[in-house]
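Survey of secondary and tertiary structure
In case you want the letters, here they are:
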Amino acid sequence: MRDKVLEVKELSFTYPDQTCALRGVSFAVHRGETLAIIGPNGAGKSTLLLHLNGVLRGPGRVEVLSESVLRKSLRQIRSKVGLVFHDPDDQLFMPTIFDDVAFGLVQQERPADEILERVMRILRALGLEGLERRSAAHLSLGEKKKTALATVLVLEPEILVLDEPASGLDPGTRRTLIGLLKKFSMTKIIASHDLDLVAEIASRVILMDAGQLIAEGNPEAILGNQDLLEGHRLEVPLSVVLRKALKNIPL
Amino acid sequence: MSQAKLNVRTNFLRKLDPRVKIFLFVAFSLTAAVTPVSGERRFAAYFLFLLAIAALSRQSLARSIKQTALLFPFLLGLGLTIFLFGRETPAQKLNLFLTLGIKTFLILLALQLFFLTTEFYRFLKALESLRVPSLAVAIVSFAHRYVFLFREEVDRLMKAKKSRTFGRKKIRREITIVSHLVPAIATRSLERSERIYAAMLSRGYDRKTIRTLDVLKLRKEDILVGCLAIFLLVVIMIVF
């Protein structure tokens, strides 16, 4: 059995306007796996992700690499859990792309030479070389998404957390992103409505609705269960439908 | 790519240490503020001083003057209070108004030159190294970010409004729409600022210090330029 890198126990959270976003959620993530969190709008997926590196903290327990997410451990936890937000405009707030990608490393007080080397390496790897002096405001959505990913990957996190990574992307950029995500060997937690993406890259799936964990299992079991998905305002992804149909054709 | 290439500072005012620039700005503002009402020649000298700095740093002063002109309505408001209150004669009031206007104009022009030639993060770094409390520096930093964020939200909502506005504009209807837009803009800006703050926290921002790659180092040239500028200001004060 692979070791646990993240464990959530009985996590609950209520926003100040009394909206209850999480109700006693518990699950664990093992090293190297790609966990997809699916669910309809308002299921609590994004709120859950914000708990994984301590941006939000609610009653319950979150453990990252056997360390509880507490105020005193936040600095260390945040260097291990990289969080990519749904809207890249929220993540890119510095004057240039270089500054944005360097932000986390600068906060960690790394030497300037190391920062420069790591930023340029990650920009090259994601095909963003040459954009470092530009403002994020002038990028396409695909470039913004990749830059937001770079701001986190540059920190070399052990756990990569992505909120709707492919939303709003054209098919080509989406395909490039899926290719990139498949290449990364670290543990990944992905919240998405794009169930075809989930079917392609997830090794395990969690279904959430109304702040609760509804089902957990391998992608075939969850994504192939039409009643379960439709009962929670989701649809069986086309790729799974096709796969099933092909299986039934006698060759 | 080298660090130098990433931090291109093309002219002497951009290269100048921001602490020296802050010091010079304060000195300039003080000397302009204490100039007596009858100091027209000194005001002209100050203007030439700014013009020379703008030319040396290849900045267009005309653009700065245009932007400063946007504040003229506020100056007129100030002028109104001068004319409405006080026991001076109308001629004295006019003189006082003109002097105040010129002083404000010169100081705002200097402020524009300062920010046109100083990256905001270097300005924050300078404030920190001048021992300004970190809370105050953080407030300035967030205010700067939120101004742009607010402007973006205004742009988005105005586009949405324009796309659904038909026919001739009626002032009363426009006022009603804008009165609905203002709270929406404020709410959206606040919500987005919270999300950006969450993004900062998730990448290690510790709510205390603003860290940048820049390390401020006071060079001999900075001290020399600072002394020269102070000397010129003193000369202007003595001669004119």
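Residues numbered from 1 in each chain as written. Chains lettered and ligands numbered in written order. Predicted model: local features only at pLDDT ≥ 70, side-chain atom pairs only at ≥ 80, totals over all residues.

Some thoughts on the overall build of chain B
- Scanning chain B from terminus to terminus reveals 11 helices and zero strands.
- Ordered by position in the sequence, the α and β elements of chain B form the string α-α-α-α-α-α-α-α-α-α-α.
- If one aligns the C-alpha atoms of chain B with their principal axes, the spans along those axes are about 60 × 60 × 30 Å.
- Within chain B, residue pairs in contact and separated by at least 24 positions form 83% of the contacts whose partners lie at least 6 positions apart. (Helix = DSSP H or I, 4+ residues; strand = E, 2+ residues; numbered from the N terminus. Contact = placed C-beta atoms within 7 Å.)

Describing the packing of helix α4 (residues 97-107) of chain A against helix α5 (residues 112-125) of chain A
Residues and elements named next belong to chain A.
- Between α4 and α5, the least distance of the axes is 10 Å, while the angle of their chain directions is 130°. In this view, α4 runs oblique relative to α5, as classed from their interaxial angle. Relative to α5, α4 is oriented so that their crossing is right-handed. Contact residues: Phe98, Val101, Ala102, Leu105 and Val106 in α4; Ile115, Arg118, Val119, Ile122 and Leu123 in α5.
- Class assignment for the residues of the contact of α4 with α5 results in nine nonpolar, no polar and one charged. (Axes fitted to C-alpha atoms, helices over the stretch in contact; angles between N-to-C directions. Parallel < 35°, antiparallel > 145°, perpendicular 65-115°, else oblique. Left-handed = near helix turned anticlockwise from the far one by under 90°. Nonpolar A, V, L, I, M, F, W, Y, C, P; charged D, E, K, R; others polar.)

With respect to the environment of Val205 of chain A
- Mapped onto the elements, Val205 of chain A comes out in strand β9 (residues 204-209).
- In this structure, the C-alpha to C-alpha distance between Val205 of chain A and Pro59 of chain A, residues 146 residues apart in sequence, is 24 Å.

Re the sheet that holds strand β2 (residues 20-30) of chain A
Residues and elements named next belong to chain A.
- Sheet architecture is open: four strands sit in the order β2-β1-β4-β5, paired in antiparallel fashion. Taken across any chain shown, the strands that pair with only one partner, and hence form the sheet edges, are β2 and β5 (67-68).
- The pairing of strand β4 (residues 61-64) with β5 spans two bridges and is antiparallel. Looking across to β5, one finds that Glu63 is bridged to Ser68. (Pairing = 2+ DSSP bridges.)

Side note on the domain arrangement of chain B
- Examined at the domain level, chain B breaks down into domain 1 (16-118 + 216-239) and domain 2 (133-202).
- On a C-alpha basis, the centres of domain 1 of chain B and domain 2 of chain B stand 32 Å from each other. (Domains from an automatic or database assignment.)

Re the nonpolar core
- Counting residues in each nonpolar core, the largest one holds 83 residues, and the members touching the most others are Ile37, Val101, Val119, Ala150, Val161, Val198 and Val205 of chain A.
- Ranked by the residues each element gives to this core, the list is headed by α4 of chain A, at seven residues.
- Setting aside residues up to four positions removed in sequence, Ile37 of chain A forms contacts with Lys45, Leu48, Ile189, Ala191, Ile206 and Met208 of chain A.
- Membership of the second largest hydrophobic core comes to 16 residues, among which are Phe28, Tyr46, Leu113 and Ile236 of chain B. (Core = buried A, V, L, I, M, F, W, Y, C linked by C-beta atoms within 7 Å. Buried ≥ 20, exposed ≤ 12 C-beta atoms within 10 Å, placed from the backbone.)

Some remarks on the sheet that holds strand β3 (residues 34-38) of chain A
Residues and elements named next belong to chain A.
- Sheet architecture is open: six strands sit in the order β6-β7-β8-β3-β9-β10, paired in mixed fashion. For this open sheet the edge positions go to β6 (81-84) and β10 (212-217), each flanked by a neighbour on one side alone. Strand after strand, the sheet turns through a mean of 15° between neighbouring axes, direction not considered.
- In this sheet, strand β8 (residues 187-191) lies alongside β3 in parallel orientation, the contact comprising four bridges.

Quick look at unusual backbone geometry
All names here are of chain A.
- Here Gln18, not a glycine, exhibits a phi torsion of approximately 75°, which is positive.
- Among the secondary structure elements, Gln18 is positioned in the loop between β1 (4-14) and β2.
- Since 6 C-beta atoms lie within 10 Å of it, Gln18 is described here as exposed.
- Phi at Arg233 takes a positive value of approximately 55°, unusual for a residue other than glycine.
- Given 13 C-beta atoms within 10 Å, Arg233 falls into the partly exposed group.

Some remarks on the packing of helix α6 (residues 72-84) of chain B against helix α7 (residues 90-116) of chain B
Residues and elements named next belong to chain B.
- Close contact between α6 and α7 brings their axes to 10 Å; oriented N to C, the two are set at 150°. The orientation of α6 with respect to α7, classified from their angle, is roughly antiparallel. Crossing of α6 over α7 shows right-handed handedness. Contacts between α6 and α7 pair Leu75, Leu78, Gly79, Ile82 and Phe83 from the former with Lys93, Leu96, Phe97, Leu100, Gly101 and Thr104 from the latter.
- Within the contact of α6 with α7, the residues separate by chemical class into seven nonpolar, three polar and one charged.

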